[in-house]
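The lines below spell out each chain.
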Amino acid sequence: PFVRQPLDALVAAGATVHRGVFADGDHVHDKLMVVQDERNGRTERFVTTGSDNWGNVSFLRDDVDVRIGLDAQEYRAYVAFFDALLHRDAVEKRRR
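Residues numbered from 1 in each chain as written. Predicted model: local features only at pLDDT ≥ 70, side-chain atom pairs only at ≥ 80, totals over all residues. Heavy atoms only, no water.

Looking at the overall build of the protein
Heads up, the condition is: Each helix is a run of DSSP H or I of at least 4 residues and each strand a run of E of at least 2, with the numbering of both proceeding from the N terminus. Between buried and exposed lies partly exposed: a residue is buried under 20% and exposed over 50% of the maximum accessible area for its type, with that area taken using a 1.4 Å probe on protein chains only.
Assigned secondary structure in the protein consists of three helices and three strands. The N-to-C order of helical and strand elements in the protein reads α-β-β-α-β-α. Across the 96 residues in the protein, those meeting the buried criterion constitute 17%.

Side note on helix H3 (residues 72-95)
In plain terms, the rule: To estimate the expected span of a helix, count its residues, drop one, and scale the result by 1.5 Å. Between N or O atoms, a polar contact is any pair within 3.5 Å; within protein, one atom must be a potential hydrogen donor and the other a potential acceptor, and residues adjacent in sequence are included only when both atoms are from side chains.
Its 24 residues give H3 an end-to-end C-alpha distance of 35 Å, which sits within 8% of 34 Å, the value for a rise of 1.5 Å per residue. Structurally, the start of H3 carries an N-cap: the backbone nitrogen of Gln 73 is 3.1 Å from a side-chain oxygen of Asp 71.

A short note on the pattern of salt bridges
In plain terms, the rule: Just to be clear on terms, a salt bridge is a Lys or Arg side-chain nitrogen sitting within 4 Å of an Asp or Glu carboxyl oxygen.
Within this structure, the stated rule accounts for two salt bridges. A salt bridge links Asp 37 to Arg 39; the nearest nitrogen and oxygen atoms lie 2.7 Å apart. Given a relative accessible area of 22%, Asp 37 falls into the partly exposed group. Exposure remark for Arg 39: the relative accessible area of 55% places this residue in the exposed category.

Describing unusual backbone geometry
In this model, Asn 40 sits at a positive phi of 50°, which is unusual for a non-glycine residue. In this structure, Asn 40 sits in the loop between strand E1 (32-39) and strand E2 (42-50). With a relative accessible area of 79%, Asn 40 lands in the exposed category.

A short note on the sheet that holds E1
Adjacent strands of a sheet form backbone hydrogen bonds with each other and so pair up, either parallel or antiparallel. Rules: A pair of strands is treated as paired once DSSP finds two or more bridges between them. Angles run from 0 to 180 degrees between N-to-C directions of axes, and those axes are lines fitted to C-alpha atoms, restricted for helices to the stretch in contact. Contacts are residue-level and defined by heavy atoms, with any inter-residue pair within 4.5 Å sufficient.
Pairing in this open sheet of three strands is antiparallel, and the strands run E1-E2-E3 from one edge to the other. At either margin of the open sheet sits one strand with a lone partner, and together these are E1 and strand E3 (65-69). Between one strand and the next, the sheet's axes are offset by a mean angle of 25°, whatever the strand orientation. Sheet contacts for H3: E1, E2 and E3; angle to E1, the most-contacted strand, approximately 135°.

Details of the pairing of E1
Bridging between E1 and E2 involves eight bridges; their strand directions are antiparallel. Within the sheet, the bridge partner assigned to Gln 36 lies in E2 and is Arg 45. Connecting the antiparallel pair E1 and E2 is a turn made up of two residues, with Asn 40 showing a positive phi of about 50°.

A short note on the packing of aromatic side chains
Rules: By convention, a stacked pair of Phe, Tyr or Trp rings (six-membered ring in the case of Trp) has centres within 6.5 Å and planes under 30 degrees apart, an edge-to-face pair has planes over 60 apart, and any other such pair is tilted. Criterion for a charge above a ring: Lys NZ or Arg CZ within 6 Å of the ring centre, and within 35 degrees of the ring normal.
Evaluated as defined, the whole model comprises zero aromatic pairs. Directly above the ring of Phe 46 sits Arg 67, whose terminal nitrogen or CZ lies 3.6 Å from the centroid.

Concerning the confidence of the model for the protein
Rules: Each residue gets a pLDDT score, which is the predictor's confidence in that residue and runs from 0 to 100.
Predicted confidence across the protein gives a mean pLDDT of 80, with 86% of residues reaching 70 or more. Taken element by element, the predicted model of the protein shows its lowest mean pLDDT in helix H2 (residues 56-59) (65) and its highest in E3 (90).

Given below as structure tokens:
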């Protein structure tokens, strides 16, 4: 089905989404999505990365994404990387 913004569909389905937005409102442009999904007593962790921007137009093209399974430690490392990007941006902007 057509979804105006795929991110809105994730939120509507109950996903917790941490939007990559810097303190000044700029958005992180990073082509990865880190997922931890807990259902029926099972936890699944993975990262998806690739060429598309997860918008409706990209679903109509031959963009390629890769899904890589993660263990708990690897998942935490990806989340820490993303948090470090947001923190580094804040520090660098204070220096200007």
